[in-house]
Amino acid sequence: MMQIRAEQIKKEFYRKSKGTNIFAAVNTCDFTMEEGTLTVIKGRSGGGKSTLMNMLSGILQPTEGKILYGDVDIYSMKDKELSEYRNRHIGYVPQGKSAIVSLSVIENIMLPEILYGESNEDGAVELMDRFGITHLRDAMPEELSGGELRRMAIARALIRKPEVLFADEPTGDLDDENTVIVFEALREIANNGTTVLMVTHENDAEKYADKIYRMDAGELSD
Amino acid sequence: MKKTGFVAYKNIIKRPVRSIALMILAAVLALSVFGGTVIVQALNNGFSSLENRLGADIMVVPYEATTKQELENIVLQGNTGYFYMNGEYLDELSELDGVGQISPQYYLASVKAGCCSIPVQIIGYDPETDFAITPWIKKSSSDEVGYLDVVVGNDLNAFVGDELSFFGVKVNVVAKLDKTGTSYDTQVFTTRETIQTLIEASLNKQLNEYANINSGNVISCILIDVDDTHNVDEVVNDINIHYKKLRAIRTTNMISGISDSLAAVSDIAQIITIVVWVVALGIMIVAFFMMTGERKKEFAVLRAMGASRAKLSTIVLTEGVSLSLIGGLVGVILGLIIIIPFSGYIETKMALPFLLPDAPMIIIAAVGAILLSTFAGALTAGFAAARISRIDTGMILRSGE
């Protein structure tokens, strides 16, 4: 059982253009995710949700505090080690369009493996089947709709069978039908044992969540 | 198995305009280095060849030959012409202090030769005393050049075994010289006895400006090598003071004009190469920086998937090195296509001795040019890679750019 724990984390940014030079995007907080749960963080744009998620996912070092995966303090690792850790254990669905435009759908899905000289085409095909994009296997990203691109991004995040999946506004620019498809997919992923954290401003997300947090002006609350 | 380089490869293929533009820049870099190196080397070779071909410290000619500039036209420019002086000067000059080796040369211009579409310059030498032409002929043929035998320059349309006719006298081609890159490539060489026969034939056909000369006792030029105990200038001055109808010329002075032109061409080639490199490198740096700006989100996504900073740098460097390597190859191939087939045209246009380097030297220049353009690509991509390795993944993904 791997618990993900944030201890007294805080993120501040240096901001030249504003009156005060230091801006706290996330105020000091603790946060825990249990294995196989789907956690949702809601809140207004600019409230610090994505910053918190990026700190938790190992791509944004907190100004203060620790992020622990089990007993491992991920920010104590060097860049190469942490990058490989992210590749093997963490899936990430970025907000907006995140396809690599020079790669086909199947190449995009296999990319996390390709980066480390591995190749699991069967796994990629299986994921395409699961998300209903098998027919788009060799299509290029510009040929895909927003919903298809998002499903491709989720498939890509799952190719390494990660223990944790982070999804940043995964339904941001989708219609209702595709929004439901994505929420149901994330729920199913959590049911299969992957720990899922979704950042969203969609109210409908609540009914798929095991735990819901709210984040406004850098303050995290239950 | 696909690896990090696969991402770079696909990016090259799927962004053809950018890729081709960067390849063209690399090709221009390689072409400028390769072309500049080969041309300057060819000019240097031509100049060295010319120095060797002159083969003497001093040339002594009739005074009027220098006033009409005929000598330089014949020796340096490959024009046709002839002038004569009394052969007895040879014996007199051989007695002077400081004269080591001494040998006569005989000039004759054909009006129309079977071998050539233009009149050809015929140069006669004395096989017994010659030290300038014979060593050079022996490089191309070990056969003796007998009576009514000729040796032809490399550019002439005549080959060993051909029979040519000069002033009604038939002569046999017994050797074809290696390329020299000088006016000698368009000239015909033969022994003293043969050229005396040809001069006599030209007089009989009234095709020689010198109507009243004894073909058996005229020479055109005396070549002198000064012995080790004397200074060349001393011997030159000695001749010029005591023989008013003659003119002694130090050969190094004769080719100083060519040397100056060569230095000027080398300087221009260097300046052009530097300007091309500065401009092309600047464009490449801007192109790579623009590329990193455009692909910020892509690199942030790769980071989120687990690409280390080193892997991102590898992708950018692979793109830069691959494109500049291919561009470098293209540039060198273009250089070969332009320079080698058109070397004769370049030689004519520059009016300078031009002798292409041999194959190993060309290969070294080609490999050097490719390596330099590849290094330039790696360097400019390296700047971009350094920028990318510093991207703030969290900030880029957070803003959804």
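Residues numbered from 1 in each chain as written. Chains lettered and ligands numbered in written order. Predicted model: local features only at pLDDT ≥ 70, side-chain atom pairs only at ≥ 80, totals over all residues. Heavy atoms only, no water.

**Student:** Before we go on, may I ask you to explain the pattern of salt bridges in this structure?
**Tutor:** If charged atoms from side chains of opposite charge come close, those side chains can pair. Tallied over the entire structure, the rule returns 23 salt bridges over all chains. Among the salt bridges present, the one from Lys-10 of chain B reaches Glu-107 of chain A, with a minimum N-O distance of 3.3 Å. Linking Lys-10 of chain B in helix H1 (residues 4-14) with Glu-107 of chain A in helix H3 (residues 105-114), this pair reaches from one chain into another. Judged by its relative accessible area of 15%, Lys-10 of chain B falls in the buried class. With a relative accessible area of 10%, Glu-107 of chain A lands in the buried category. Where Arg-137 of chain A meets Glu-121 of chain A, a salt bridge forms, and the shortest distance between an N and an O atom there is 2.4 Å. Here Arg-137 of chain A, found in the loop between helix H4 (121-130) and helix H5 (146-158), pairs with Glu-121 of chain A, found in helix H4; they are 16 residues apart in sequence, far enough to count as distant. Overall, Glu-121 of chain A belongs to the partly exposed group, its relative accessible area being 35%. (Salt bridge = Lys/Arg side-chain N within 4 Å of Asp/Glu carboxyl O. Helix = DSSP H or I, 4+ residues; strand = E, 2+ residues; numbered from the N terminus. Buried < 20%, exposed > 50% of the residue type's maximum accessible area, 1.4 Å probe, protein only.)

**Student:** How should the domain arrangement of chain B be read in this particular structure?
**Tutor:** Residues and elements named next belong to chain B. Partitioning chain B into domains gives domain 1 (4-49 + 258-399) and domain 2 (54-253). The distance between the C-alpha centroids of domain 1 and domain 2 comes to 49 Å. Of the residues lining the interface, eight residues belong to domain 1; the matching set on domain 2 comes to six residues. Buried surface at the junction of domain 1 and domain 2, summed over both partners, amounts to about 530 Å²; 49% is from carbon and sulfur atoms. There are zero salt bridges connecting domain 1 and domain 2. (Domains from an automatic or database assignment. Contact = heavy atoms within 4.5 Å. Buried area = accessible area lost by both parts, 1.4 Å probe.)

**Student:** It is not clear to me how a negative patch on the surface should be interpreted in this structure. Could you clarify?
**Tutor:** Residue and element names in this part refer to chain A. Residues Asp-175, Asp-176, Glu-177 and Asp-204 make up a contiguous surface patch of negative charge. Assignment of secondary structure puts Glu-177 in helix H6 (residues 176-191). The exposure class assigned to Glu-177 is exposed, which follows from its relative accessible area of 61%. (Patch = residues over 30% accessible without salt bridge, like charges linked within 9 Å, V, L, I, M, F, W, Y side chains within 5 Å. Areas by Shrake-Rupley, 256 points an atom, 1.4 Å probe, with all protein chains shown as cover. Lys, Arg positive; Asp, Glu negative; His and termini not counted. Charge placed at Lys NZ, Arg CZ, Asp CG, Glu CD.)

**Student:** Explanation requested: helix H7 (residues 192-204) of chain B in the structure shown.
**Tutor:** Think of an α-helix as turning once every 3.6 residues; residues three or four places apart then point the same way. Along its 13 residues, H7 of chain B runs 18 Å from first to last C-alpha, staying within 8% of the 18 Å computed at 1.5 Å per residue. The positive-phi residue at the C-terminal boundary of H7 of chain B is Gln-206 of chain B, with phi of around 55°. (Expected span 1.5 Å × (residues − 1).)

**Student:** Can you help me understand the packing of aromatic side chains in this one?
**Tutor:** Describing an aromatic ring pair means giving the distance of the ring centres and the angle of the ring planes. The tally for this structure, following the rule as stated, stands at six aromatic pairs over all chains. Pairing Phe-183 of chain A with Tyr-208 of chain A gives two aromatic rings, centres 5.3 Å apart and planes at 45°, and the pair type is tilted. A residue pair is termed long-range when its members are at least 10 positions apart, and Phe-183 of chain A in helix H6 and Tyr-208 of chain A in the loop between strand S8 (195-200) and strand S9 (211-216) qualify at 25 residues. On the basis of relative accessible area, Phe-183 of chain A is assigned to the buried category, the value being 1%. Positioned above the aromatic ring of Tyr-116 of chain A is the side chain of Arg-88 of chain A, whose terminal nitrogen or guanidinium carbon lies 5.7 Å from the ring centre. Across the ring face of Phe-159 of chain B, the terminal group of Lys-176 of chain B is positioned such that the distance to the ring centre comes to 4.6 Å. (Phe/Tyr/Trp six-rings, centres within 6.5 Å; stacked < 30°, edge-to-face > 60°. Lys NZ or Arg CZ within 6 Å of the ring centre and 35° of its normal.)

**Student:** Honestly, a nonpolar patch on the surface in this entry has me stumped. Any pointers?
**Tutor:** Residue and element names in this part refer to chain B. Together, Leu-325, Ile-326, Leu-329, Val-330, Ile-333, Leu-334, Ile-337, Ile-338, Phe-342 and Tyr-345 make up an exposed nonpolar region whose accessible area comes to about 900 Å². Counting residues per element, the nonpolar patch draws most heavily on helix H12 (residues 309-339), which supplies eight residues. Relative to the helices and strands, Tyr-345 is located in helix H13 (residues 343-350).

**Student:** Honestly, the pairing of strand S4 (residues 64-69) of chain A in this entry has me stumped. Any pointers?
**Tutor:** Moving residue by residue along a regular strand, the side chains alternate between the two faces of the sheet. Residues and elements named next belong to chain A. Relative to S4, strand S1 (residues 4-14) runs antiparallel, the two sharing five bridges. Within S4, the residue paired with Ile-4 across the bridge is Tyr-69. A loop of two residues connects S4 with strand S5 (residues 72-73), the two strands running antiparallel in sequence, and Gly-70 in this loop sits at a positive phi of about 65°. (Pairing = 2+ DSSP bridges.)

**Student:** What is the right way to look at the interface of chain A and chain B in this model?
**Tutor:** Think of interface size as the accessible area that goes away when the parts come together; that is how it is often given. Contacts between the two partners involve 34 residues from chain A, matched on the other side by 29 residues from chain B. When the shortest N-O distance is used, the salt bridge between Asp-79 of chain A and Arg-309 of chain B registers 4.0 Å. Here chain A and chain B share ten residue pairs in polar contact (both at pLDDT 80 or more) between them. At the level of secondary structure, the elements contributing two or more residues to the side of chain A that touches chain B comprise helix H1 (49-56), helix H2 (79-89) and H3 of chain A. Per element, the largest residue contribution to the side of chain A that touches chain B is six residues, and it comes from H2 of chain A. Taken together, the residues that form the side of chain A that touches chain B break down as 14 nonpolar, eleven polar and nine charged. (Polar contact = N/O pair within 3.5 Å; in protein donor to acceptor, adjacent residues only side chain to side chain. Nonpolar A, V, L, I, M, F, W, Y, C, P; charged D, E, K, R; others polar.)

**Student:** Explain the pairing of strand S5 (residues 149-152) of chain B to me, please; I cannot follow it from the model alone.
**Tutor:** Residue and element names in this part refer to chain B. Alternating residues of S5 divide into Asp-149 and Val-151 and Val-150 and Val-152, and every residue in both groups is buried. Here S5 runs beside strand S7 (residues 169-176); their pairing, made up of four bridges, is parallel. Bridge assignment links Asp-149 to a residue of S7, and that residue is Asn-172.

**Student:** Just checking my understanding: could you explain the sheet that holds S9 of chain A for this structure?
**Tutor:** In a beta sheet, neighbouring strands pair by backbone hydrogen bonds and run either parallel or antiparallel. Residue and element names in this part refer to chain A. Read from one edge to the other, the open sheet built from six strands follows the order S6-S7-S8-S3-S9-S10, with strand pairing classed as mixed. Two strands lie at the open edges of the sheet, namely strand S6 (90-93) and strand S10 (219-221), each paired on one side alone. For this sheet, the mean angle separating the axes of adjacent strands, direction not counted, is 20°. Where S6 meets strand S7 (residues 164-168), four bridges bridge the pair, whose relative direction is parallel. If you follow Gly-91 over to S7, its bridge partner there is Leu-165. Sheet strands in contact with H5 are S6 and S7, and its direction is about 170° off that of S6. (Axes fitted to C-alpha atoms, helices over the stretch in contact; angles between N-to-C directions.)

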